[in-house]
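What follows is each chain in one-letter form.
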Amino acid sequence: MIAEVIKLGFVGLGVDNFERMKTHYNDVLGLPVFAESADQALFSSGHDAVAIALQKSDTTGCQSVGLVIPADQDLAEVAEAAGRHGIDASVRSDLFGAIPAYVEITDPDGLTLYLYNDNPTERPSHSVTGVNPVKLGHVAFYVKDSRVTEKFYSEMLGFRWSDWLGDAFIFMRCNVDHHTMNFMTAERRGLYHMAFELKDFAHMGRSCDIMAEKDVKILWGPGRHGPGHNIFTYHRDPDGNIIELFAEIDKMSNEALGYFDPRPHHTDSPQRPKVWQAGDMKTVNSWGTPKPSSMD
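A brief structural summary.

About the cut-offs
- Going along each chain's sequence as written, the residues are numbered from 1 onward.
- Confidence filtering applies because this is a predicted model: local features only for residues at pLDDT of at least 70, side-chain atom pairs given and counted only at 80 or more, and all residues used for totals across whole chains, interfaces and linings.
- As a rule here, side-chain values come from all non-hydrogen atoms in the structure, and water together with hydrogens is ignored.
- In this scheme, strands are said to pair when DSSP sees at least two bridges between them.
- Think of it this way: any DSSP run of H or I at least four residues long counts as a helix, any run of E at least two long counts as a strand, and we number them from the N terminus.
- Axis lines are fitted to C-alpha atoms, over the contacting stretch for helices. Their N-to-C directions set the angle, which ranges from 0 to 180 degrees.
- Whether two residues touch is decided by their heavy atoms; if any such pair falls within 4.5 Å, the residues are in contact.
- Cavities and pockets are defined on a 1 Å grid built over the protein atoms alone: a cavity is a set of grid points where a 1.4 Å probe fits but cannot escape, while a pocket is an open set with protein on both sides within 12 Å along at least five of seven lines, and lining residues are those with an atom within 4 Å of any such point.
- Grid points are joined across faces, edges and corners, and a volume is the space filled by probe spheres set on the points.
- The residue classification treats Ala, Val, Leu, Ile, Met, Phe, Trp, Tyr, Cys and Pro as nonpolar and Asp, Glu, Lys and Arg as charged. All others, Gly included, are polar.
- Here the nonpolar core consists of buried residues drawn from Ala, Val, Leu, Ile, Met, Phe, Trp, Tyr and Cys, with membership extended through side-chain atoms lying within 4.5 Å.
- Throughout, exposure labels follow a simple rule: accessible area from a 1.4 Å probe, protein chains only, divided by the maximum for the residue type, with under 20% read as buried, over 50% as exposed, and the rest as partly exposed.

Now for the sheet that holds strand S3 (residues 40–45). Here eight strands make up an open sheet; going across it, the order is S2-S3-S4-S1-S5-S8-S7-S6 and the pairing mixed. Looking at which strands have only one partner, the edges of the open sheet turn out to be strand S2 (33–36) and strand S6 (90–95). Taking each pair of neighbouring strands and ignoring which way they run, the sheet shows an average axis angle of 25°. Sheet topology note: the S2/S3 ladder contains three bridges and is antiparallel. Note that in S3 the partner of Ala35 across the bridge is Leu42. Where helix H3 (residues 146–157) meets the sheet, its contacts fall on strand S5 (61–69), strand S7 (99–106) and strand S8 (112–117), and the angle it forms with S8 comes to roughly 20°.

Printed below as a string of structure tokens:
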């Protein structure tokens with residue numbers, strides 16, 4: 001292992017519709033602005049000064065992911081450990097003006113990962129407009145081989161698998177939350193979706209009203225997934241990235257027990273990590289509405 005990740009930090013997006021994207025993340029989602037310039041906009045969420053980084057680019061989509069490691073983890077040692085495993089790594093400084101130092105590596109599919117110490121930075125006050133989510137919760141990617149990707153994230157970065165959907169889609173956790181990163185074997189590469197956590201069912205309802213007020217079409221939901229058992233909606237931002245809003249996700253408060261904290265809507269008792277049957281509607285959405293083809 002080169003480092004043990006403890007949470008998702010940020011997602012870096014290359015964007016085309018820069019002004020519209022800024023409006024969506026600030027006005028619709030309600031993420032406060034941490035800093036901005038002519039070609040970059042940084043938004044806060046939860047305890048993180050930077051949760052979303054928008055960068056004007058000819059190439060749209062996810063360009064990087066920030067992963068947080070413990071505050072006492074020495075970055076030079078992380079870079080050295082990466083080198084011993086044949087992974088190019090270097091310690092760099094001053095990312096976004098909010099992350100003093102970090103280690104840059106790439107995963108098996110070429111995704112740039114920034115590993116940095118947990119160091120809460122003063123961030124803007126919570127927004128009073130828009131959805132105002134609790135935090136950036138997880139991010140999902142299309143990959144060449146989810147088995148290869150699972151091995152990298154578990155052996156190199158300390159992730160654990162929470163569930164498989166068939167043999168191609170894996171949910172992985174790095175803390176109590178059911179999943180922080182998801183990987184699906186596919187012909188394509190890149191971002192599948194990113195997700196923001198809401199407080200509860202009522203917050204989900206309010207978010208739907210806000211989407212309607214802002215003329216943002218909900219692609220799918222509300223519904224409840226099988227793996228993770230979270231309630232959800234999905235929509236697209238102005239560049240076409242899929243965004244999930246979710247609440248009530250499964251949590252494993254005690255790793256030694258090996259099962260998720262009990263919930264009345266759980267499929268099993270106790271609910272342990274398992275392989276779910278692909279194609280079963282109760283797996284995709286126990287409330288019955290199938291995923292639309294517009295999300296494929």
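Looking now at the layout of surface pockets. The space that makes up the largest pocket amounts to roughly 380 Å³. Contributing to the lining of the largest pocket are 21 residues, with Leu165, Phe169, Tyr192, His225 and Val284 lying nearest its centre. Residue classes in the lining of the largest pocket are distributed as eleven nonpolar, eight polar and two charged.

We now examine the nonpolar core. Residues Tyr25, Tyr153 and Leu157 are the most contacted members of the largest nonpolar core, which totals 61 residues. If one sorts the elements of this core by residue count, helix H2 (residues 75–84) sits on top with five residues. Residue contacts for Tyr153: discarding those within four places in its chain leaves Leu67, Asp107, Leu111, Leu113, Gly158, Phe159, Met172, Met181 and Phe183. Within the second largest apolar cluster, 14 residues are counted, among which are Tyr142, Phe169, Leu219 and Trp220.

A few words on the pairing of S6. In terms of strand pairing, S6 meets S7 through five bridges, oriented antiparallel. Residue pairing for S7: Arg92 is matched across the bridge by Tyr102. Where S6 folds back on S7, the antiparallel hairpin that results is connected by three residues, among which Phe96 adopts a positive phi of roughly 65°.

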